[in-house]
Structures are given as C-alpha cells and as structure tokens.
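An overview of the molecular structure
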Amino acid sequence: MKKFILAFACVLLLFTASAMAETYTLSDIYASVDIPSDTYEMVLTPRNLSTHSDWLAQQGMDYDAVANSFENEGILLQAYDQENNRTLVISALKNLDAQLYFDLNNQEDAMRKEFRLSHTDGTAYGLLGYSYSSAAWKNYGGDVLRFLQTKYSLRQDGIQVCTGYQRRTIRNGYTITLDMQVTDRAAKEADSTALEKIMKTFSFTKILPMPELPIKLNFTSAPPSETNSDTFTIKGVTGKKATVTATVFSLGASGSETFTDTATNSGSFSIKVTLPSQGVYSVTITSEAENAITAQRMFSVTYQKGLLPVDLTATPGSTLSDTTKIIGSTISGAKTQVSVSGPVNYSKSTTSKNFSFSLDTSAEGTYNIVIAVTKKGLDARTFTYTATRTYSEVERMEKIKDEAKKISYANLKKESNEGKTVGYTGYIASITPSTGEWVIGFAIKRTDGVYKDIIYVISTQEPAFAEGAKVKLYGKATGTYSVLDAEGNIKNYPRVEAYFFETAE
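Residues numbered from 1 in each chain as written. Predicted model: local features only at pLDDT ≥ 70, side-chain atom pairs only at ≥ 80, totals over all residues. Heavy atoms only, no water.

1. Digging into the overall build of the protein chain
Defined as follows: Only runs of H or I of at least four residues qualify as helices and only runs of E of at least two qualify as strands under DSSP, and these elements are numbered from the N terminus. Residue burial is assigned from relative accessible area. The probe radius is 1.4 Å, only protein chains are included, and a residue is buried under 20% of its type maximum, exposed over 50%, and partly exposed in between. Residue exposure ignores everything except the shown protein chains as possible cover, and the areas themselves are Shrake-Rupley values with a 1.4 Å probe. His residues and chain termini do not enter the charge count, which takes Lys and Arg as positive and Asp and Glu as negative. By convention, charge coordinates are those of NZ in Lys, CZ in Arg, CG in Asp, or CD in Glu.
Scanning the protein chain from N- to C-terminus turns up seven helices and 30 strands. In the protein chain, which comprises 505 residues, the share counted as buried stands at 39%. Counting every atom, the protein chain has about 26,700 Å² of accessible surface; 49% of that belongs to carbon and sulfur. Across the protein chain, the 51 positively charged side chains and the 54 negatively charged ones have centroids separated by 8 Å.

2. Section: the sheet that holds strand β29 (residues 470–484)
Stated formally: Being paired, for any two strands, means DSSP has found at least two bridges between them. All axes here are fitted lines through C-alpha atoms, helices being fitted over the stretch that makes contact, and every angle between N-to-C directions spans 0 to 180 degrees. Two residues qualify as a contact provided that any one of their heavy atoms is within 4.5 Å of a heavy atom in the partner residue.
Around the barrel, five strands lie side by side as β26-β27-β28-β30-β29; this closed barrel has mixed pairing. The sheet shows a mean angle of 45° between the axes of neighbouring strands, direction not considered. Direction of pairing for strand β27 (residues 437–447) relative to strand β28 (residues 450–459): antiparallel, over a ladder of nine bridges. Opposite Phe442, over in β28, you have Ile455 as the bridge partner. Along the sheet, helix α7 (residues 393–403) makes contact with β26 (421–434), β29 and β30 (490–503), crossing β30 at roughly 135°.

3. So, the packing of aromatic side chains
Worth spelling out the cut-off: Each pair of aromatic rings taken from Phe, Tyr and Trp, with Trp reduced to its six-membered ring, is defined by centres within 6.5 Å and is described as stacked if the planes are under 30 degrees apart, edge-to-face if over 60, and tilted in the remaining cases. The criterion is that NZ of a Lys, or CZ of an Arg, lies within 6 Å of the ring centre and within 35 degrees of the ring normal, and then a charge sits over that ring.
The final tally for this structure, using the stated rule, is 16 aromatic pairs. When the ring of Trp55 is compared with that of Tyr80, the centres are 5.0 Å apart and the planes differ by 55°; the resulting orientation is tilted. With Trp55 in helix α2 (residues 53–58) and Tyr80 in strand β4 (residues 75–81), the pair connects residues that are 25 residues apart, well separated along the chain. The residues Trp55 and Tyr80 share a single accessibility class, namely buried. Judged by centre distance (6.1 Å) and plane angle (15°), the ring pair of Tyr130 and Tyr132 falls under stacked. One aromatic cluster is present, built from ring pairs that chain together Tyr125, Tyr130, Tyr132 and Tyr152. Positioned above the aromatic ring of Phe204, the side-chain terminus of Arg171 is 5.1 Å from the ring centre.

4. Quick look at the confidence of the model for the protein chain
Put simply, the test is: On a scale of 0 to 100, pLDDT captures the predictor's confidence in every residue.
In this model, the protein chain carries an average pLDDT of 90, and 96% of its residues clear a pLDDT of 70 or more. Within the model, pLDDT remains below 50 along residues 1–18, and this stretch shows zero contacts once partners closer than five positions in the same chain are excluded.

5. Quick notes on the nonpolar core
As a reminder, the rule being used: Buried residues of nine kinds, namely Ala, Val, Leu, Ile, Met, Phe, Trp, Tyr and Cys, make up a nonpolar core once their side-chain atoms join them within 4.5 Å.
If you look at the biggest cluster of nonpolar residues, it comprises 29 residues, and the most contacted ones within it are Ile29, Val33, Ile35, Leu77, Leu88, Leu178 and Phe202. Of all the elements in the fold, those that place two or more residues in this core are β1 (21–26), β2 (31–36), β4, β5 (86–93), β9 (174–182) and α6 (189–199). Per-element tally for this core: the top contributor is β9, with five residues. Beyond its immediate chain neighbours, meaning those up to four positions away, Phe202 contacts Leu26, Ile29, Ala31, Ser32, Val33, Val144, Phe147, Ile176 and Leu178. Core analysis: the next-biggest nonpolar cluster, separate from the first, contains 21 residues, Phe232, Phe259, Ala295 and Phe299 among them.

6. Section: the side chain of Thr336
Mapped onto the secondary structure, Thr336 falls in strand β21 (residues 335–341). A residue is classified by how much of its surface remains accessible, and Thr336, at 0% relative accessible area, is buried. With residues near it in sequence (within four places) discarded, Thr336 still touches Thr330, Lys348, Ser349, Thr350, Phe355, Phe357, Ile371, Ala372 and Val373.

7. Describing the sheet that holds strand β8 (residues 159–171)
Reading across the sheet, the seven strands line up as β3-β4-β5-β9-β8-β7-β6 and stay open at both edges, with antiparallel pairing between neighbours. In this open sheet, the two strands that pair with only one neighbour each are β3 (42–44) and β6 (130–139). This sheet shows a mean twist of 15° between the axes of neighbouring strands, independent of strand direction. Here β5 runs beside β9; their pairing, made up of eight bridges, is antiparallel. By the bridge assignment for β9, Ser91 is matched with Thr177.

8. Considering the pattern of salt bridges
Where we set the bar: Every case where a carboxyl oxygen of Asp or Glu lies within 4 Å of a side-chain nitrogen of Lys or Arg is listed as a salt bridge.
Within the structure shown, the criterion is met by 17 salt bridges. One salt-bridge network, in which partners are shared between bridges, spans Arg155, Asp322, Arg389, Glu395 and Lys399.

9. Describing the side chain of Gln107
By the secondary structure assignment, Gln107 is in the loop between α4 (96–101) and α5 (109–120). When residues no more than four places from it in sequence are discounted, the contact partners of Gln107 are Leu100, Tyr101, Arg112, Met210 and Leu213.

10. Here we look at α5
Rule in force here: Expected helix span is taken as 1.5 Å per residue step, with the number of steps being one fewer than the number of residues. The arc refers to the directions leading from the helix axis to the C-beta atoms.
Between its first and last C-alpha atoms α5 spans 17 Å; for 12 residues at 1.5 Å apiece the expected length is 16 Å, and the two agree. Regarding α5, the residues found buried are Met111, Arg112, Phe115, Ser118 and His119. Viewed end-on, α5 has its buried residues packed into an arc of 120°, placing them on one side of the element. If you follow the buried residues of α5, they end up packed against α4, β6, β7 (146–156), β8 and β11 (217–221). Phi for Gly122, located one or two positions after α5, is positive at around 90°.

11. Some remarks on helix α3 (residues 63–72)
Selection criterion: Identification of polar contacts relies on pairs of N or O atoms within 3.5 Å, with a donor-acceptor requirement for protein atoms, meaning one able to donate a hydrogen and the other able to accept it, and with residues adjacent in sequence counted only if both atoms are side-chain atoms.
A distance of 3.2 Å separates the backbone nitrogen of Asp64 from a side-chain oxygen at the start of α3, and that oxygen is part of Asp62. Phi for Gly74, located one or two positions after α3, is positive at around 65°.

12. A word on unusual backbone geometry
For residues besides glycine, phi is generally negative; the peptide bonds are generally trans as well. A positive phi is found at Phe102, a non-glycine position, where the angle reads about 60°. One can find Phe102 in the loop between α4 and α5. Of note in this structure, Asp453 is not a glycine but carries a positive phi near 55°. On the secondary structure map, Asp453 appears in strand β28. Judged by its relative accessible area of 24%, Asp453 is partly exposed.

So, in structure tokens, the structure goes:
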C-alpha cells in the first residue's frame, strides 16, 4: 500500500508539472516548444490572434498593427510574462540567410563563423536598429544542435525600443529566432535564464534534408570598393574544378570584359583583373560546375588615379548607443584619425591597414564625428557624420543609479557636494504641496517610529508613495533647506532635487 501511495504521488507530481506548461507545435519549421502557463499569462499565435483582440486593446495595442507584425516578421508565437515585464517572441523567416545556408549545422565552420561575426560587426539586422554586444554558439545537442546566443539592444528613431537576449539558428530553410524582450528596463541575466528554460523544451520534430544549394563561393580577397590602380586580384574558394568568371561592366561606357580561372582540386581560385580606364565598374563573379547550381556575387569598384582607397564597413548611424564602432580598411602606411566633438571631445589615430575604433558616445547630445585618412602622394579622404545620443527613460534612470553616491548625512550640506548625484534608502516622513512643486521630508533612519536624519526633497512631480513608505531616493544635492523649529529658530537641513523615487521593498 505504501509503495502504491508513493507511486501515485509521483504520477500526480509529474501530471501537475506537465499541466503547468502547454506544448505549442510550430508546424512551419517542424518544431515544438513548451510554454509555462504559470509564468506567461497570455500566449498569442497566428491562429488565436483574432480571438484576443479585446485583450490587445486592454494592453494598449492595436490589433491590425500586431497582425501585421506577425505576418511581416514571421512571428509564430508571442508570450507575455507581465510580472517580470518581458515578452518571448519566436519567429521564423525565409530570408536571404536562410536561402544561403538552409541548415547551419550542415555548413562548414567558416560559414558559421561568418554568420556569427555578422552580428557583432553590425551588418546583421543593423539597418533595423539592432546592436549586438555579444554572439557565441551553443550546441544544445539532440536534434536542436547549434543556436547563436546573443545579447542586443534595439533602437528606432533614436529611442531605445527594447533590450534582450536571443537564440538564433538557420534550420529547415528558415532563420529561427527565440527572443526574450524587455522594455522599460535593462535586460539582465535573469531574462537570459528564462530564455534558457524555454530552450530546454524546444525541439525539432523533423529535419529536412539539405536541398541542392548554389556552389560555394567565398572570397579571401574580394574586389576592392575603391582603387587607385588599374589592376587587382580576386581570390577565394569555390567548388572543385569550378569555372570562375569575373565579368566587368563600365557604368560609363558600353561593353564588358571577362577574366576567368579554373579552381584547383581544393577549390581555390585567383583572377587578375585589369580595368581599361578610370571610372565606376560593376564586377560580377560567377562560379559554375557540372551538376551544381551556379553561384554569383556582385561588387561595385571605383577606379581613380591618386585616390586613397578607404573601405568603411561600420560607421555611425543617425542615432547612437553608449559605444559607437568605426571599422574599415585602407592601404598600408596610411594614417586614419577619428575626431569627436560634442558632449565629449577627443581624437584617436592609427596607421594600421585594418582599423577599428570604439568611440565613447554614452553622454546625451549631438556628436560630430570626422574620419580623416591621409598618405603622402595620395588625395586625403574625409568622412563626416552627425549623430545624436538620446536616452530612453529606462536608460536615464539606470545611468542616474550608476552615478549616484551615498554621501554621509553630515557632509551632504557641504558646498563642495552641491550638484552631485546622490542615492539613499529611507522613509517618506512628510509631503507638503508648494507652488508648482512638492516638498518631501525624507528620513534616512526611523527608530521606534521617530524619523531621523531628515533630507528635504524638492520634486516637480507629486510623489506616488504615501507617508511612511520605505523608498529609494535619487536626486541632486542642492545645498540646504531652512525650516523654523517649534521655538521659532531656523534650522538648516540638506536639500536634494528629486530625479525619481522607487520602492525599496
């Protein structure tokens, strides 16, 4: 009997655990995933979206806009964890990457590396406003295998929309992304942990065989975007014994020229191209082999005598984040200098052929960024960018918290501390409305109901907390605040202009 009870208890436990998660079938990508029902209050899919229009309206979301996002972004599932203010979005797109790779697990290491680096060098999804601070592969084993783990921020029109963590792969002909988004705060490790919990339940129900893809065509030395020489060499790797052809069209004249090489047994090729005159050219590289789909890549080349070639692969956008990267290349011996003016002023320089600058653009304001490349005997090049760094409300609060200092109560009134950002945990002792503002008595200590070490806080916003509440105060020290005591004597207290309060419990 005892064994029966224990067995029944185990079955009940397993049933309860499984009952707290619902399995969703993602038929487009032949996959499934479990979503904990006790964590995610609402789960939207393309099939049930129309039945939850009232719920969307209650959240301040327009049904048509959400439906368009589902269709255009390939969203298969969107789950809301409202308690932790995060949203899980699973999407699948048949984009160019999906067509090129089909299944990253069946590609060479070089191609997986190329896909990973495209996230950190700003070329992947950069035009959409994504900035990736990290990207690394993780092999989940089983039928799931490799997913790229990333951390990102998304900005649109100069405003931070969200931050979060993603898990991304290409499988079954789709670019598949599991995205844990957070808004109104910075992403933290707990959000990544929540996404990992979902990943543990993700699985593929079917793996499609690799279709016939275009023949491999990778470049170790691609056509230059700019050159001061009429001759350059294209090198790369393609299929064994493939015929590789470079077709050169002048955009200012009729006709074309072709240059050809046959790849070796290892697939390597080298093509020497000679341009007939100065101008702008379209260069098309084609690789053909028997029983293989032809691969083709196109490039634009500008040839000008005396030109100092510069290839910029990462430049400032119109809006900035805390760090702005400038990445590019020029010719050996050239000096590249980046000058920054605005909220901060500085310059950096290097004579490396390949250059990379990481610029501090963390302060709010408008930045003027000038990239100057020089070499004796060649025409100097200058590239100028004007961009703006604007904090979202969440970023502003986080930066205030990072900057805040806890100055001792005895020293807070000192003139030398005026203007400093401070932070304290304490109690709302009193709230007094004044003309256009509120005067709040804030006590650092409370002993047996008696408030001690009082700071008078001036706020333009009516406090959201009642008297007696334990809160955190962030503000700017602004000298002293004078109060008449019961005997009619003037007593000076520390004065702080409030940035914001938040709960301490």
